[in-house]
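One letter stands for each residue in the lines below.
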Amino acid sequence: MSRYFTPALSALEPYVPGEQLRRDDLVKLNANENPYPPAPGVAAAVAATVSGLRLYSDLTERTLRQAIADQVSLPMECILCGNGSDENLLLAIRAFCDEHTPLAFADITYSFYPVLCQLLGVPATVLPVEEDFTLDLTKYYGLGQTIVIANPNAPTSLLAPVAAIEEVVRRNPDNIVIVDEAYVDFAGEGASCLPLVTRYDNLVVVRTFSKSRSLAGARLGFCAAAPALIADMDRVKFSYSPYNINSMSEAAGAAAMKDDAYFRKTVAAICRTRDDAARKLRDRGFRVLDSATNFLFATTDAMPCRDIFLRLRERGVLIRHFSAPRIDNWLRITVGTPEQMARFFTELDDILRPGR
């Protein structure tokens, strides 16, 4: 870092995203991206914006917000859009945390939460997950702090019931509860807390287009909350990035959100491949957690997981290995197409073959 970097941020540990290698034969199963292309209407919708790119994008994102509202059955006033779910998380934490109001989250969860706390000068309260990686949500009752819960959790892939999340919201009436639902579309019907938004004035639900809508490169997400909370976050947004959604991303998001049939088709395909891959890993002696996401969290005693990760990488198959305590012998494997998963298993079997 330079000598001009502010001392307050000199100890900042940035979030480490999945590796972004570029090679022709690469099978990329490390960043939880969708293996299928965006909905068919997305390309035309983006192309139609080109003539208007000389103008600023719509400050209100009305077209996109309305498309989202229609799909999730909420008033448009309950929707705020951001650059991926990460920006919505930043807006919520900036709006509802400060040096006197910490952010509470699990020790094994999305690693962007502690980064945001460091960046924004927000104290963190870290609550350990159980030995089986589940969340004991009673630990979150009456904390007197802002809370963020990833559900399904990452990287563990585990889902908590909506009723259990609702009880956390109910038991913290004077504090905000943020539910990060980046992967919930892969968890089946009734897994989302979005229906609770109109019942509680202290709930923020964060969603992304990066996973189930195949728009990771568009950097697009949204959150849903009571209109007063949306106004709070809008106030923060307008203080630093009022035109945060560009015209092309807005058009892409609206087109993707409107094509419900394509969305359901690709999500179902990923879930079928996920369940098949989990079975095949278990047949090979892996312990695999029950996934409600588009990835699998797995471990084995056959070989150190870091070695598996490195050997697969040499063969052009990228998965994810974490060095954090308690999960340093686990792997996170994004669910790809059946063809990509076949390549993964071919290389994995060769690596694990006795004598290799």
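Above this note sits the structure.
Heads up: these notes are all about the structure in this document. Residue indices begin from 1 for each chain and proceed along its sequence in written order. Only residues with pLDDT of 70 or above have their local features reported here, since the model is predicted, and side-chain atom pairs are shown and tallied only from 80 upward, although totals for entire chains, interfaces and linings are computed over all residues. Side-chain calculation: all heavy atoms of the structure are included, whereas hydrogens and water are not.

**With respect to the overall build of the protein**
So, point 1. Starting at the N terminus, helices and strands are each numbered in turn, a helix being any DSSP run of H or I of at least four residues and a strand any DSSP run of E of at least two. Tallying secondary structure elements over the protein gives 10 helices and 13 strands in all.
So, point 2. Here the protein has a C-alpha radius of gyration of 21 Å; the compact-globule value for 356 residues is 21 Å, and the two agree.
So, point 3. Taken over the C-alpha atoms alone, the protein extends approximately 60 × 50 × 50 Å along its principal axes.
So, point 4. For the protein, the residues scored as buried account for 54% of the 356 residues in total.
So, point 5. Every residue pair with non-hydrogen atoms within 4.5 Å of one another is taken to be in contact. A separation threshold of at least 6 residues defines the contact pool for the protein, and within that pool the share at least 24 residues apart is 73%.
So, point 6. Each accessible area is a Shrake-Rupley result for a 1.4 Å probe, and residues are judged covered by the shown protein chains and nothing else. Total accessible area on the protein stands at roughly 16,000 Å², and carbon and sulfur atoms take up 53% of it. For this measure, only C-alpha atoms enter the radius of gyration; the expected value for a globule follows 2.2 Å times N^0.38, where N is the number of residues. Only protein chains enter the accessibility calculation, which uses a 1.4 Å probe; a residue is then buried when its area is under 20% of its type maximum, exposed when over 50%, and partly exposed in between.

**Overview of unusual backbone geometry**
So, point 1. Cis geometry is found at the peptide bond from Asn151 to Pro152, where omega equals 0 degrees.
So, point 2. Note that Pro152 resides in the loop between β5 (146-150) and α5 (162-170).
So, point 3. The peptide bond linking Ala154 to Pro155 adopts the cis configuration, its omega dihedral lying at 10 degrees.
So, point 4. For Asn32, which is not glycine, the phi dihedral falls at a positive 60 degrees.
So, point 5. Of note, Asn32 is situated in the loop between β1 (27-28) and α1 (42-47).

**Comments concerning the packing of helix α8 (residues 260-283) against helix α10 (residues 338-352)**
So, point 1. One way to put it is that α8 packs onto α10 with a least axis distance of 11 Å and a crossing angle of 15 degrees. The angle between α8 and α10 places the two elements in the roughly parallel class. You can see that α8 and α10 cross each other, and the crossing is right-handed. Counting all contacts with α8, which are made through Thr273, Ala277, Lys280 and Leu281, the residues of α10 involved are Pro338, Met341, Phe344, Phe345 and Leu348.
So, point 2. A class-by-class count of the residues in the contact of α8 with α10 yields seven nonpolar, one polar and one charged. Each axis is a line fitted through C-alpha atoms, and for a helix only the stretch in contact is used; angles between axes span 0 to 180 degrees, taken between their N-to-C directions. Reported orientations rely on four angle classes, namely roughly parallel under 35 degrees, roughly antiparallel over 145, roughly perpendicular from 65 to 115, and oblique for the rest. Each crossing gets its hand from how the near helix is turned against the far one by less than a right angle, where anticlockwise is left-handed and clockwise is right-handed. Polar here means any residue other than Ala, Val, Leu, Ile, Met, Phe, Trp, Tyr, Cys and Pro, which are nonpolar, and Asp, Glu, Lys and Arg, which are charged; Gly is therefore polar.

**Here we look at a nonpolar patch on the surface**
So, point 1. The patches described consist of residues with a relative accessible area above 30% and no salt bridge, like charges being joined within 9 Å and nonpolar side chains (Val, Leu, Ile, Met, Phe, Trp, Tyr) within 5 Å. We define a salt bridge as a side-chain nitrogen of Lys or Arg found within 4 Å of a carboxyl oxygen belonging to Asp or Glu. A grouping of Val50, Leu53 and Met248 is seen on the molecular surface, where their side chains present a nonpolar patch of about 240 Å² in accessible area.
So, point 2. Summarising the element assignment, Leu53 is placed in the loop between α1 and α2 (62-72).

**With respect to the packing of aromatic side chains**
So, point 1. Aromatic pairs are defined between Phe, Tyr and Trp rings, using the six-membered ring for Trp, whenever the two ring centres lie within 6.5 Å; interplanar angles under 30 degrees are classed as stacked, those over 60 as edge-to-face, and all others as tilted. Per the counting criterion, the structure on display carries 10 aromatic pairs.
So, point 2. Here the aromatic rings of Tyr56 and Tyr243 are separated by 4.5 Å at their centres, their planes lie at 15 degrees, and the arrangement is stacked. With Tyr56 in the loop between α1 and α2 and Tyr243 in the loop between α6 (227-240) and α7 (247-258), this residue pair connects regions lying 187 residues apart in the sequence.
So, point 3. A relative accessible area of 67% places Tyr56 in the exposed class.
So, point 4. Between Phe105 and Tyr113, the ring centres sit 5.9 Å apart and the planes meet at 55 degrees, which makes this aromatic pair tilted. We note that Phe105, like Tyr113, is buried.
So, point 5. In textbook terms, an aromatic cluster arises when at least three aromatic residues are bridged by ring pairs, as seen for Phe105, Tyr110, Phe112 and Tyr113.
So, point 6. We call a charge positioned over a ring when the NZ of a Lys or the CZ of an Arg lies within 6 Å of the ring centre and within 35 degrees of the ring normal. The side chain of Arg332 reaches across the aromatic face of Phe295, ending 5.7 Å from its centre.

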